[in-house]
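Listed below are the residues making up each chain.
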Amino acid sequence: MRTPKGKNSKALIAIVDDDQSFREALPSLLALIGFRTAIFGYARDFLDSPQIPDVSCAVLDVSMPGMDGLELQQHLIATHPVPIIFITDLRDAKTRDEALRAGASSFLNKPVSEETLIDSLNSALRA
C-alpha cells in the first residue's frame, strides 16, 4: 500500500458524500496510511464546520441532496480554495469535464482502487 509523501501525511482530508458506506470505509483507509479525515454527509454540514480552515484537500461526491458537489466546488473556489477530488458513481462526461475545467484535481469513478486514490491525493496535495 502506498503512503502519503512528506508533509502530506498529516493533511486533513474532508470527505463529503451522502453515501454512508463510503463515508465509513474511506476514513479507515486514509487513517491507515497517515491522513487525517473529517467526514460530512452533506455539503452544508461541511460548510458549517469549523474545520474548513484546516482542510488540505476535499473529496467530494457529485450527486448529493441539497447543494451538489459542483456547487460546493464553486463555493470552495470562492471562499476556501483547496484541491478537490471528485469520487462518484456518476459516469457523465459533461459533468466530469465541467468539474475538471473548474479546477478539480481528479474525477474518479466508484469503485476506485486504493492506489489510484492515494496517487490522486498525493498529486493534489503537491499542486
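Here, every reference points to the structure presented above.
Structure report, in brief. (Residues numbered from 1 in each chain as written. Predicted model: local features only at pLDDT ≥ 70, side-chain atom pairs only at ≥ 80, totals over all residues. Heavy atoms only, no water.)

1. Thoughts on the pairing of strand 2 (residues 36-40)
Looking along a regular strand, one sees side chains alternate from face to face of the sheet.
Point 1. Relative to strand 2, strand 1 (residues 12-16) is paired through five bridges, and the arrangement is parallel. Looking across to strand 2, one finds that Leu12 is bridged to Arg36.
Point 2. Each parallel crossover has a hand, and for strand 1 linked through helix 1 (residues 20-32) to strand 2 it is right-handed. (Pairing = 2+ DSSP bridges. Helix = DSSP H or I, 4+ residues; strand = E, 2+ residues; numbered from the N terminus. Right-handed = clockwise from strand over helix to strand, strands pointing away.)

2. Regarding the sheet that holds strand 2
Point 1. Strand order in the open sheet formed by five strands is 2-1-3-4-5, and the pairing between neighbours is parallel. The open sheet has two free edges, formed respectively by strand 2 and strand 5 (106-109), since each of these has just one partner strand. Along the sheet, successive strands turn relative to each other by an average axial angle of 20°, direction set aside.
Point 2. For strand 1 and strand 3 (residues 55-60), the ladder comprises five bridges, and the chain directions are parallel. Looking across to strand 3, one finds that Val16 is bridged to Leu60.
Point 3. Of the strands in this sheet, strand 4 (84-88) and strand 5 touch helix 4 (residues 93-101), which is tilted by about 150° from strand 5.
Point 4. Helix-sheet contacts for helix 5 (residues 114-126) involve strand 1, strand 3, strand 4 and strand 5, and the interaxial angle to strand 3 is about 140°. (Axes fitted to C-alpha atoms, helices over the stretch in contact; angles between N-to-C directions. Contact = heavy atoms within 4.5 Å.)

3. Some words on the nonpolar core
Point 1. Counting residues in hydrophobic clusters, the biggest one holds 23 residues, and the most contacted among them are Val16, Phe46, Leu60, Leu72, Leu76 and Phe86.
Point 2. Elements with a minimum of two residues in this core: strand 1, strand 2, helix 2 (43-47), strand 3, helix 3 (69-79) and strand 4.
Point 3. Dropping the residues within four chain positions of it, Phe46 is found in contact with Ala14, Val16, Phe40, Ile52, Val55, Leu72 and Leu76.
Point 4. Membership of the second largest hydrophobic core comes to 19 residues, among which are Leu26, Leu29, Ile87 and Ile118. (Core = buried A, V, L, I, M, F, W, Y, C linked by side-chain atoms within 4.5 Å. Buried < 20%, exposed > 50% of the residue type's maximum accessible area, 1.4 Å probe, protein only.)

4. Regarding the pattern of salt bridges
Point 1. Counted according to the given criterion, the structure contains three salt bridges.
Point 2. A salt bridge links Arg44 to Asp48, with the shortest nitrogen-to-oxygen separation between them at 3.5 Å.
Point 3. When its relative accessible area of 46% is taken as the criterion, Arg44 is described as partly exposed.
Point 4. Asp48 gets classed as exposed once you look at its relative accessible area, which sits at 54%.
Point 5. Connected through shared salt-bridge partners, Asp17, Asp19 and Lys110 make up one network. (Salt bridge = Lys/Arg side-chain N within 4 Å of Asp/Glu carboxyl O.)

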